[in-house]
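Chain by chain, the residues run as shown.
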Amino acid sequence: MRDATPRLRGGMRQRVVIAMALLSSPDLLIADEPTTALDVTIQAQILELMRDIKRDMNAAILLITHDMGIVAEMADAVMVMYAGKIMEYAPVRELFRHPLHPYTEGLLKSIPRPDRDTETLHTIEGTVPSLADLPLGCRFAPRCALCTGRCRREEPPVFIRENRRVSCRHRAG
């Protein structure tokens, strides 16, 4: 016998989870990959719902996503992480216009754009390290074209430049 309860589809399921999260009128809504596996129409509806929540409830939204297009559309500020470490923090427009960390630069270059050759997509050479076996020094060093011996030995400090932060000796100045 089939279950008479209809199954909620992706977009409806996301809306239900968001509605449940809003029941207590939170000041902060944490949205971890809220549009993953949704088609673009439903994705746009979820993002619009999140904008409405931000505006109507005056709630902050911590958006966790790998989709830089959503970051560009939704975020005021961005924190880029690699292997559990913060690599760069900046206002969204500044980050997209002038990334400081080599990993951020690689991420942005890998976004397909209509004004670029779509036959060849940019990739970041190498592989992400296992969190159980992290490299010494900078976690991005094994994949970084700017890497030096010091990068491999010592974890970089966080360099602060106006309203930005970067964990890279080569991009600090």
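Here, every reference points to the structure presented above.
Structure report, in brief. Only a predicted model underlies this, so the values are computations on that prediction, with no experimental measurement involved.

The rules we used
Every chain is numbered on its own, with residues counted from 1 as its sequence reads. A pLDDT threshold of at least 70 governs which residues receive local features in this predicted model, and a stricter bar of 80 or more applies before side-chain atom pairs are shown or counted, although totals over entire chains, interfaces and linings include all residues. Note that water and hydrogens are dropped before the side-chain values are worked out from all heavy atoms of the structure. Every helix listed is a DSSP run of H or I at least four residues long, and every strand listed is a run of E at least two residues long, numbered separately from the N terminus. Relative accessibility thresholds used throughout: buried, under 20% of the residue-type maximum; exposed, over 50%; partly exposed, between the two (1.4 Å probe, protein chains only). Neither His nor the chain ends contribute to the count of charged residues, in which Lys and Arg are positive and Asp and Glu negative. By convention, the point assigned to a charge is CZ for Arg, NZ for Lys, CD for Glu and CG for Asp. Note on definitions: salt bridges are taken to be side-chain nitrogens of Lys or Arg within 4 Å of carboxyl oxygens of Asp or Glu. When checking whether two residues touch, look at their non-hydrogen atoms; a contact exists if any pair is within 4.5 Å. Paired strands are those between which DSSP finds at least two bridges. Lines fitted to C-alpha atoms define the axes here, with helix axes fitted over just the stretch in contact, and angles between the N-to-C directions of these axes take values from 0 to 180 degrees. Every crossover in which the path from the first strand over the helix to the second runs clockwise, viewed with the strands pointing away from the viewer, is termed right-handed. In these notes, a set of buried Ala, Val, Leu, Ile, Met, Phe, Trp, Tyr and Cys residues joined through side-chain atoms within 4.5 Å is what counts as a nonpolar core.

Focus: the overall build of the protein
Then step 1. Looking only at helices and strands, one finds 6 helices and 6 strands in the protein.
Then step 2. Order of helices (α) and strands (β) in the protein, N terminus to C terminus: α-β-α-β-α-β-β-α-α-α-β-β.
Then step 3. Overall size of the protein, expressed as C-alpha extent along the three principal axes, is 65 × 40 × 40 Å.
Then step 4. The buried share of the protein, taken over its 173 residues, is 31%.
Then step 5. Looking at charge distribution, the protein has the averaged site of its 24 positive side-chain charges lying 4 Å from that of its 22 negative ones.

Focus on unusual backbone geometry
Both trends apply: most residues other than glycine have a negative phi, and most peptide bonds are in trans.
Then step 1. Its identity as a non-glycine residue notwithstanding, E33 has a phi of 50°, on the positive side.
Then step 2. Topologically, E33 is positioned in the loop between β1 (28-32) and α2 (40-57).

Focus: the pattern of salt bridges
Then step 1. According to the stated counting rule, one finds 10 salt bridges in the structure shown.
Then step 2. Note that E48 and R51 form a salt bridge whose closest N and O atoms lie 2.9 Å from each other. On the criterion of helical spacing, the pair formed by E48 and R51 is a turn pair, its members being 3 residues apart in helix α2.
Then step 3. For E48, a relative accessible area of 38% translates into the label partly exposed.
Then step 4. If you follow the salt bridges from partner to partner, you end up with E48, R51 and E73 in one network.

As for helix α5 (residues 102-109)
Then step 1. With respect to burial, α5 is a largely interior element, 6 of its 8 residues being buried.
Then step 2. Restricting attention to buried positions, one finds in α5 the residues P102, Y103, T104, G106, L107 and L108.
Then step 3. Where α5 is buried, its residues touch α3 (68-74), β3 (77-82), β4 (85-91) and α4 (92-97).

Considerations on the sheet that holds β4
Then step 1. With antiparallel pairing, the 4 strands of this open sheet are ordered in space as β3-β4-β6-β5. Whereas interior strands pair on both sides, the edge strands pair on one side only; in this sheet they are β3 and β5 (159-161). On average, adjacent strands in this sheet sit at an angle of 20° to one another, irrespective of strand direction.
Then step 2. Sheet analysis places β3 next to β4, joined by 6 bridges and oriented antiparallel. The residue of β4 that forms the bridge with M79 is Y89.
Then step 3. Together, β3 and β4 form the strand contacts of α5, whose direction differs from that of β3 by roughly 105°.

Describing the pairing of β4
Then step 1. Between β3 and β4, which pair antiparallel one after the other, the connecting turn spans 2 residues, and A83 there sits at a positive phi close to 50°.
Then step 2. Bridge count for β4 against strand β6 (residues 164-166) is 2 bridges, and the pairing is antiparallel. For Y89, the partnering residue across the bridge sits in β6 and is R165.

Here we look at the pairing of strand β2 (residues 60-64)
Then step 1. Pairing of β1 with β2, which is carried by 5 bridges, proceeds in the parallel orientation. Directly across from L29, in β2, lies its bridge partner I61.
Then step 2. On the question of chirality, the crossover connecting β1 to the parallel β2 by way of α2 is right-handed.

Examining the nonpolar core
Then step 1. Judged by nonpolar contacts, the single largest core of 20 residues is most densely connected at V78, V80, Y82, L95, Y103 and F140.
Then step 2. Listed by contribution, the elements that provide at least two residues to this core are α3, β3, β4, α4 and α5.
Then step 3. When near neighbours in sequence (up to four residues on either side) are disregarded, V80 contacts K85, I86, M87, E88, L95, Y103, T104 and L107.

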